[in-house]
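# Breakdown of the fold
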Amino acid sequence: GAVVSQHPSWVICKSGTSVKIECRSLDFQATTMFWYRQFPKQSLMLMATSNEGSKATYEQGVEKDKFLINHASLTLSTLTVTSAHPEDSSFYICSAQRGHRGEKLFFGSGTQLSVL
Amino acid sequence: QKEVEQDPGPLSVPEGAIVSLNCTYSNSAFQYFMWYRQYSRKGPELLMYTYSSGNKEDGRFTAQVDKSSKYISLFIRDSQPSDSATYLCAMSLDTGRRALTFGSGTRLQVQP
């Protein structure tokens, strides 16, 4: 199956710093990438949809100035959590879509962010 | 009311049992239905994918969709301890929007 690489797998940072998370599709070109956030024992909540070469579309309630998404190529999308605070601590997961059918969606392994 | 409802469990069964996992949803526009397995602190892994109503079988897994009742199920036969994980149902609209709406997940424990 297709591989989506997400790095780092975990990060601990001080409040006020910025953290960048990378999501790469290793063996296919991703037409669209999605970023999700998951709190403990809760479901994945979509944060934003990212298409290569265009601005990301953010879900209601997600601050686009705080969660910066860059999708510079068909194989790489990055999520930067700017001026992170403890309430931003969560598990962040990216997914990449291959083709245009819903089932061709592959997930990264996730990034656990802990803000002290 | 959430768009997708799923019992969080945990559901504990003995090895070899048949497991039934379910989700209900409120948006009748959903057309694509999926089941994912997620191990702790890992990304979800696609298990089953179904378009519209009907059944689909893959090995020990069977997915059922009943659009008239807005109800989907995943059955696992001959459950194994390695099946212990959180199972997430997900669905998407039949439009250009490809993002998925997830259930909250059911935690399954298969006891050896």
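Cut-offs and rules
Residues numbered from 1 in each chain as written. Chains lettered and ligands numbered in written order. Predicted model: local features only at pLDDT ≥ 70, side-chain atom pairs only at ≥ 80, totals over all residues. Heavy atoms only, no water. Helix = DSSP H or I, 4+ residues; strand = E, 2+ residues; numbered from the N terminus. Polar contact = N/O pair within 3.5 Å; in protein donor to acceptor, adjacent residues only side chain to side chain. Contact = heavy atoms within 4.5 Å. Salt bridge = Lys/Arg side-chain N within 4 Å of Asp/Glu carboxyl O. Nonpolar A, V, L, I, M, F, W, Y, C, P; charged D, E, K, R; others polar. Pairing = 2+ DSSP bridges. Axes fitted to C-alpha atoms, helices over the stretch in contact; angles between N-to-C directions. Buried < 20%, exposed > 50% of the residue type's maximum accessible area, 1.4 Å probe, protein only.

## A word on the side chain of Ser77(A)
Residues and elements named next belong to chain A. Within the element layout of this structure, Ser77 appears in strand S8 (residues 76-81). Only 3.0 Å separates the side chain of Ser77 from the side chain of Trp35, close enough to count as a polar contact. Non-local contacts of Ser77, meaning those with residues more than four positions away in its chain, are made with Ile21, Glu22, Cys23, Met33, Trp35, Ser50, Ile69, Asn70 and His71.

## Quick look at the interface of chain B and chain A
For interface size, the figure often reported is the accessible area lost on association. Taken together, the 17 residues of chain B in the interface contact 22 residues of chain A. The interface formed by chain B and chain A contains 0 salt bridges. Here chain B is connected to chain A by 5 residue pairs in polar contact (both at pLDDT 80 or more). Sorting the residues of the side of chain B that touches chain A by element identifies strand S4 (30-38) and strand S5 (45-51) of chain B as the ones contributing at least two each. For the side of chain B that touches chain A, the element with the most residues is S4(B), which contributes 3 residues. Considered class by class, the residues forming the side of chain B that touches chain A number 9 nonpolar, 4 polar and 4 charged.

## With respect to the sheet that holds strand S3 (residues 19-25) of chain A
Residues and elements named next belong to chain A. Strand order in the open sheet made by the 4 strands is S1-S3-S8-S7, with antiparallel pairing throughout. The sheet terminates laterally at strand S1 (4-7) and strand S7 (67-73), the two strands that pair on one side only. Geometrically, the sheet is characterised by an average inter-axis angle of 15° between neighbouring strands, direction not taken into account. In terms of strand pairing, S1 meets S3 through 4 bridges, oriented antiparallel. Paired with Ser5 across the two strands is Arg24, which belongs to S3.

## Topic: the environment of Cys23(B)
Residue and element names in this part refer to chain B. Counting through the fold element by element, Cys23 comes out in strand S3 (residues 19-25). By relative accessible area, Cys23 is classed as buried at 0%. For the pair Cys23 and Val65, spaced 42 residues apart in sequence, the C-alpha to C-alpha distance is 9.7 Å. Ignoring anything within four residues of it in the chain, the contact list for Cys23 reads Val4, Glu5, Gln6, Trp35, Lys70, Tyr71, Ile72 and Cys89.

## Comments concerning the pairing of S3(A)
Residues and elements named next belong to chain A. Residue alternation in S3 divides its side chains into a buried set, Val19, Ile21, Cys23 and Ser25, and an unburied set, Lys20, Glu22 and Arg24. Bridging between S3 and S8 involves 6 bridges; their strand directions are antiparallel. Counterpart to Glu22 in the pairing with S8 is Thr78.

Honestly, that's just the spatial picture; any functional story needs more than this.
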